[in-house]
Amino acid sequence: RIIAAVANPLPGQAAAGKALRAGHFLVHGVKAPIAQIDFGGAARLTPPFERCVHGFSWLADLDASGPRELVAPVAARIMTAWLDANPKALARPGKRPAWILANAGTRVLNWLVHAPLIFAGDDKPLRKRVLAALADTARWLDRNVTAGDDRLAELAGWCGIVAAGLLMVDGKPRRLYGEAGLVRALGELVGGDGGVLSRSPLGQMEAIELLVRLRACYVAAKREPPPALETMLALLVPPLLSLTHGDGSLGSWQGSWAIEAGTIATLVAASGVRTRPLRDVRQWGYQRV
């Protein structure tokens, strides 16, 4: 069982949530009917859709689109379809999008953060299936967390492990194991200036999002996060701000798509870091003009 309810620190996009209620995933302006999504992953989706569908970031969008009693049945239908297509974890990561490390780690984190939405209905069999899948995926992460495609994927895996250790029964050994790995992964992901080594604006944002959601799990569990978590958030935000245009938005470059100023502002506010853009760059390679 889950021992605490998390207050979601990052609200989703209401427009995408309303599209879900109308029967479509909406990712970066592109619609895809829910009924036509292959949740098992045999028919591959584009990477942004895969992250949304299998990482369950759509839960935040759905939660932002209306009252809980209206959106919970939609969440239940999609959860049921996904669980039917993915009855058990694969032995090794990477063969299907649901079992890419980044998606699995983000999925565990999102399931825990949005558990109040997932469990809002009276469907006890679905609740039992979700809890079993959550425990199964957490064990899968324990075994495969170092098998990611990159350091950001590994960070997502460690965040999922720590969140499960914080919010599931008898999770202390997993939490301690996860915290040690999390600190190590952060040190390998981020350079001395606070920029992720991929130098991708999107990667910078994803790292901040993961840590913000993980910190919310610590708050729910009434535990203090490791000092490294707050230190890393303080390092990550200034380089992100240094990449923005004059209006606060981000351009489409270095593997990222164009991102609105409001999205950046919401993320920075959720981080709790009050700072200016990074200007004295020694290692990262980008200099704000």
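Quick caveat: nothing in here was measured; it's all calculated off a predicted structure.

Enquirer: Looking at this structure, how should I read the side chain of Arg213?
Expert: Within the fold, Arg213 resides in helix H10 (residues 201-221). Buried within the structure, Arg213 lacks any salt-bridge partner; Glu209 is the closest side chain of opposite charge, at an N-O distance of 4.2 Å. Once residues lying within four places of it in the same chain are set aside, the contact partners of Arg213 are Asn8, Pro9, Leu10, Leu109, Asn110 and Val113.

Enquirer: Mind showing me how you'd approach the pattern of salt bridges here?
Expert: Oppositely charged side chains may form a pair once their charged atoms are brought near each other. What the rule picks out here adds up to nine salt bridges. The residue Glu188 makes a salt bridge to Arg151 at a minimum N-O spacing of 3.0 Å. With a gap of 37 residues between them, Glu188 in helix H9 (residues 172-189) and Arg151 in helix H8 (residues 151-167) connect regions that are remote in the sequence. Overall, Glu188 belongs to the partly exposed group, its relative accessible area being 33%. The network of salt bridges with shared partners includes Arg151, Glu154 and Glu188.

Enquirer: Explain the packing of aromatic side chains to me, please; I cannot follow it from the model alone.
Expert: Aromatic ring pairs are defined here through the distance separating the ring centres and the angle between the ring planes. Applying the stated criterion across every chain yields a total of nine aromatic pairs. Between Trp82 and Trp111, the ring centres sit 5.7 Å apart and the planes meet at 90°, which makes this aromatic pair edge-to-face. With Trp82 in helix H4 (residues 68-85) and Trp111 in helix H5 (residues 101-113), this pair connects stretches of sequence that are 29 residues apart. The exposure class assigned to Trp82 is buried, which follows from its relative accessible area of 1%. Centre to centre, the rings of Trp253 and Tyr286 are 5.3 Å apart; their planes meet at 85°, and the pair counts as edge-to-face.

Enquirer: Got a minute to help me understand the nonpolar core in this structure?
Expert: Nonpolar side chains in soluble globular proteins tend to be buried together. Counting residues in each nonpolar core, the largest one holds 97 residues, and the members touching the most others are Phe25, Trp58, Trp111 and Leu155. Filtering out sequence-adjacent residues up to four positions away, Trp111 remains in contact with Phe56, Leu59, Met79, Trp82, Leu83, Ile118, Val130, Ala133, Leu134 and Thr137.

Enquirer: Where do I start with H9 in this structure?
Expert: Working note: α-helix, 3.6 residues per turn, so residues spaced by three or four point in the same direction. For H9, built from 18 residues, the straight-helix expectation of 26 Å at 1.5 Å per residue is met to within 8% by its first-to-last C-alpha distance of 25 Å. Buried residues of H9: Arg175, Gly178, Glu179, Gly181, Leu182, Ala185, Leu186 and Leu189, and no others. Close packing links the buried residues of H9 with H8, H10 and helix H11 (227-242).

Cut-off values and rules
- Residues numbered from 1 in each chain as written.
- Predicted model: local features only at pLDDT ≥ 70, side-chain atom pairs only at ≥ 80, totals over all residues.
- Heavy atoms only, no water.
- Helix = DSSP H or I, 4+ residues; strand = E, 2+ residues; numbered from the N terminus.
- Buried < 20%, exposed > 50% of the residue type's maximum accessible area, 1.4 Å probe, protein only.
- Lys, Arg positive; Asp, Glu negative; His and termini not counted.
- Salt bridge = Lys/Arg side-chain N within 4 Å of Asp/Glu carboxyl O.
- Contact = heavy atoms within 4.5 Å.
- Phe/Tyr/Trp six-rings, centres within 6.5 Å; stacked < 30°, edge-to-face > 60°.
- Core = buried A, V, L, I, M, F, W, Y, C linked by side-chain atoms within 4.5 Å.
- Expected span 1.5 Å × (residues − 1).

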